[in-house]
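A structural walkthrough
Letter by letter, the chains look like this.
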Amino acid sequence: MPKISHDISIAGLTIDRKSKIPLTKQLYEGIRSAIINRQIRPGQRLPSSRTLAEDIGLSRNIVLLAYEQLTLEGYLTGSVGKGSFVSEDTYDSFAGQAIQQNKPVAPPDPGTEVQLPKLDQVSAVYVKRETSKAIVKPFQNPVPALDHFPFQSWSKCAGKIFRSLEFLQLSYDDAQGCYPLREAIAAHLRINRALSCEPEQIIITNGTQQALNLIASLLMQKGEQFWIEDPGYINAKLAFIQAGGIPCYIPVDVNGIDLDHACIHYPKAKLAFLTPSHQFPLGGTFSIAKRMQLLEWASKNKMWIVEDDYDSEFRYSAKPVPSLQGMDHYQRVIYTGTFSKVLFPGLRIGYLVLPNPHLTQAFKQAKAFADRQNAITDQLILNEFIKEGYYATHLRKMRVLYKKRQDHLLELIRKHGGELLRAEKQGSGMHIIAYLQENQDDQQIAAILDQAGIITTALSVYSSKFKYPPGLLLGYTAFTEKDLETGFFKLLAILKEQHP
Ligand SMILES: Cc1ncc(COP(=O)(O)O)c(C=O)c1O
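Everything numeric in this text was worked out from a predicted model, so none of it was measured. The written sequence of each chain sets the order in which its residues are numbered from 1. It should be noted that, the model being predicted, local features are given only for residues of pLDDT at least 70 and side-chain atom pairs only at 80 or more, the latter also being counted only at that level, while totals for whole chains, interfaces and linings use all residues. To get the side-chain values, take all heavy atoms of the structure and skip hydrogens and water.

1. A few points about the overall build of the protein chain
- Secondary structure summary: the protein chain contains 16 helices and 14 strands in total.
- Taken along its principal axes, the extent of the C-alpha atoms in the protein chain is 85 × 60 × 50 Å.
- Whether a residue is buried, partly exposed or exposed follows from its accessible area with a 1.4 Å probe, protein chains only, as a fraction of its type maximum: under 20%, in between, or over 50%, in that order. In the protein chain, which comprises 500 residues, the proportion classed as buried is 51%.
- For the protein chain, the share of sequence-separated contacts (at least 6 apart) that also reach a separation of at least 24 residues comes to 74%. Secondary structure counts use DSSP, requiring at least four H or I residues in a row for a helix and at least two E residues in a row for a strand, with both numbered from the N terminus. Contacts: residue pairs with any heavy atoms within 4.5 Å of one another.

2. Focus on the pattern of salt bridges
- Put simply, a salt bridge is a Lys or Arg side-chain nitrogen that is within 4 Å of an Asp or Glu carboxyl oxygen. Throughout the structure, instances matching the rule amount to eleven salt bridges.
- The shortest N-O distance in the salt bridge between Asp309 and Arg193 comes to 2.6 Å. Of this pair, Asp309 sits in the loop between strand S8 (304–308) and strand S9 (333–338) while Arg193 sits in helix H7 (residues 179–193), placing them 116 residues apart in sequence.
- For Asp309, a relative accessible area of 8% translates into the label buried.
- By relative accessible area, which is 4% here, Arg193 ends up buried.
- The shortest N-O distance in the salt bridge between Glu411 and Arg414 comes to 2.8 Å.

3. Structural notes on the sheet that holds strand S14 (residues 471–475)
- When DSSP finds two or more bridges between two strands, those strands count as paired. Read across the sheet, four strands follow the order S11-S12-S14-S13 without closing on themselves; strand pairing throughout is antiparallel. Edge positions in the sheet fall to strand S11 (422–423) and strand S13 (457–458), since each of these pairs with one other strand and no more.
- In this sheet, S14 lies alongside strand S12 (residues 431–435) in antiparallel orientation, the contact comprising five bridges. From the neighbouring strand, Ile432 faces S14, where its bridge partner is Leu474.
- Axis definition: a line fitted to C-alpha atoms, over the contacting stretch in the case of helices. Angles run 0 to 180 degrees between N-to-C directions. Here helix H15 (residues 442–451) sits on the sheet in contact with S13 and S14, set at roughly 45° to S14.

4. Structural notes on the domain arrangement of the protein chain
- The source of the domain bounds is an automatic or database domain assignment. Domain boundaries in the protein chain define domain 1 (1–104), domain 2 (150–392) and domain 3 (396–498).
- Put simply, the middle of domain 1 and the middle of domain 2, counted by C-alpha atoms, are 52 Å apart.

5. So, the site of the ligand
- Here a residue is near a molecule or strand as soon as one of its heavy atoms is found within 4 Å of it. The local shell around the ligand holds 13 residues, among which Thr208, Asp308, Thr338, Ser340 and Arg348 are the closest.
- N or O atoms closer than or at 3.5 Å make up a polar contact, with two conditions inside protein: a donor-capable atom paired with an acceptor-capable one, and, for residues adjacent in sequence, both atoms drawn from side chains. Between the ligand and Ser340 there is a distance of 2.7 Å, counted from an oxygen atom to a side-chain nitrogen or oxygen.
- For the shell around the ligand, the leading source of residues is helix H8 (residues 207–219), giving three residues.
- Each residue is assigned to one of three groups, with Ala, Val, Leu, Ile, Met, Phe, Trp, Tyr, Cys and Pro labelled nonpolar, Asp, Glu, Lys and Arg labelled charged, and all others, Gly among them, labelled polar. Split by residue class, the shell around the ligand holds five nonpolar, five polar and three charged.

6. Remarks on the packing of H7 against helix H13 (residues 376–387)
- Running from N to C, H7 and H13 point in directions that differ by 40°, and their axes come no closer than 9 Å. Considered as vectors, H7 and H13 are oriented oblique to each other. Crossing angle aside, the handedness with which H7 passes H13 is left-handed. Together, Pro180, Leu181 and Ala184 of H7 and Gln379, Leu382, Asn383 and Ile386 of H13 make up the contact between the two elements.
- Split into classes, the residues belonging to the contact of H7 with H13 amount to five nonpolar, two polar and no charged. Angles below 35 degrees are treated as roughly parallel, those above 145 as roughly antiparallel, those between 65 and 115 as roughly perpendicular, and all remaining angles as oblique. The handedness criterion is simple: a crossing whose near helix is rotated anticlockwise from the far helix by less than a right angle is left-handed, and one whose near helix is rotated clockwise is right-handed.

7. Some words on the packing of helix H6 (residues 151–164) against H13
- In contact at an axis separation of 9 Å, H6 and H13 are set at 125° when each is read in the N-to-C sense. The pairing of H6 with H13 is recorded here as oblique in orientation. For the crossing formed where H6 meets H13, the hand is right-handed. In contact with Ser153, Trp154, Cys157, Ala158, Lys160, Ile161 and Phe162 of H6, H13 contributes Thr377, Leu380, Ile381, Leu382, Glu384 and Phe385.
- Of the residues belonging to the contact of H6 with H13, the class tally is nine nonpolar, two polar and two charged.

8. Considering the pairing of S9
- In terms of burial, S9 is a largely internal element, six of the six residues being buried.
- Burial of S9 is two-sided: the residues Val333, Tyr335 and Gly337 facing one way and the residues Ile334, Thr336 and Thr338 facing the other way are all buried.
- Pairing of S8 with S9, which is carried by four bridges, proceeds in the parallel orientation. The residue bridging Val306 from the neighbouring strand is Ile334, located in S9.
- Across four bridges, S9 lies against strand S10 (residues 350–353) in antiparallel orientation.

9. Quick notes on the sheet that holds strand S4 (residues 225–230)
- Strands sit in the order S3-S10-S9-S8-S7-S4-S5-S6 across an open sheet of eight strands; the sheet is mixed. Strands with a single pairing partner mark the edges of an open sheet, and in this sheet they are strand S3 (202–205) and strand S6 (256–257).
- Two elements, strand S5 (residues 246–253) and S6, share two bridges in a ladder whose sense is antiparallel. For Val252, the partnering residue across the bridge sits in S6 and is Ile257.
- Taken strand by strand, H8 contacts S3, strand S7 (271–274), S8, S9 and S10, and its axis lies near 155° from that of S9.

10. Regarding unusual backbone geometry
- Here the bond from Pro138 into Phe139 is cis, since omega is 5°, no more than 30 degrees from zero.
- By secondary structure assignment, the location of Phe139 is in the loop between helix H5 (121–128) and H6.
- Look at Arg348: it is not a glycine, yet its phi comes out positive at around 55°.
- Tracing the sequence through the fold places Arg348 in the loop between S9 and S10.
- Judged by relative accessible area, Arg348 falls into the partly exposed class, the value being 32%.

11. A look at a nonpolar patch on the surface
- Patches in this entry comprise residues that are over 30% relatively accessible and not in a salt bridge; like charges within 9 Å are linked, as are nonpolar side chains (Val, Leu, Ile, Met, Phe, Trp, Tyr) within 5 Å. Note on areas: these come from Shrake-Rupley sampling with a 1.4 Å probe, and a residue is covered only by the protein chains present in the view. On the surface, a nonpolar cluster with roughly 290 Å² of combined accessible area is contributed by Leu119, Tyr126 and Val127.
- One can find Tyr126 in helix H5.

Next up, the structure:
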């Protein structure tokens, strides 16, 4: 544990002046049990004798005597002027004592359990992720090429913002999000995604995930049906289920959802979660005719459409696909976007675009009560990054890089995949699907690959009702051509072992 040099105060340390036990002994016992119970841990610094004496109203001499005794017994180390620290080897030296080093996780007391939706393989990964384990391995998805992130430009923007922060900006700010950032996003969306969008319609969120939770909390009532693509985005499904919604699974092909199926089987649905520009995970695009039909249906049946436009900025073919929101004249589309893909997921900035001021007000209120606002400094830095043109430059560069990486992976599959793997070009996005042989179990293959350090996700994980050919999602954006080759040949060797 790194040395922590703050002057900590020890909560719960009490001295009974009426007790017959001498004050030094009481203090010694109190600190000793704080060490044994791991309230203060090896490497942590104790308050200076002067501070502790003031904190608990004893003379400094008494504190010095207690520290001396604890040092003699090996609980503390330190020297005059440097301070007293809990010994690094405290627990080894006192192994015989009842030290609660690794407290077993206690089962919940009756009545404290919380009902959670059952997590599948994909969502469980989000929950399990730990700080020190963020190693990116082929073909992890979706991970941007973080080695190409323009850190210098980002830190230049950050430096400028921190040097010029005004007092008022450090207080609570607009829950809807910082206005200049909303202006920058609105301009970007109008040009690049053909959205009909003004800054007043935007709510800045903590990624798409918060946008989905806000939508679910405001627009989904318990027992109401919602359409969800099958296969589709699991996190969206879980957000609406958690709000009490009932999922209605809609099959998908290269043109997006089977709209007739949805209208015939689930005419009462109140909301549809869709990825029209680049269906997740299969990659199809809704035709213009389908978009018109969908908007007409939503208007007639008072259904909300949530358009998740998560990665279509990475469009590799010449023709950009306009957003569904830009075609909506009925105020039925709620658009969500994210900076997780173009910049980095840890930034946690996404946004909602609402179709009218009434809804904007409702979402602003929900956002204010959810977490007051996004961090102001991150919003200002991002705004500066966009305003200075770094965002557009980075996006252009990544489009070229990602296209090359996708082409390279497809070429490897085409040349060497033989009977074992086949894949098709994706016009946008950050992953391809490598289809396996008909009789294979993609989840079992993904688990075997995982053991060998190859990270893929089985296509079948994303479907709930309909069956699709077995396949693996392969992310390619974060990997050099050499990484892709190494990963690919390892993957191929394992597939060959499975199918000698
Ligand atoms: C379909 C889809 N939408 C949105 C997101 C982005 O989520 P967030 O903005 O919460 O990082 C992802 C990320 O994996 C995704 O796969």
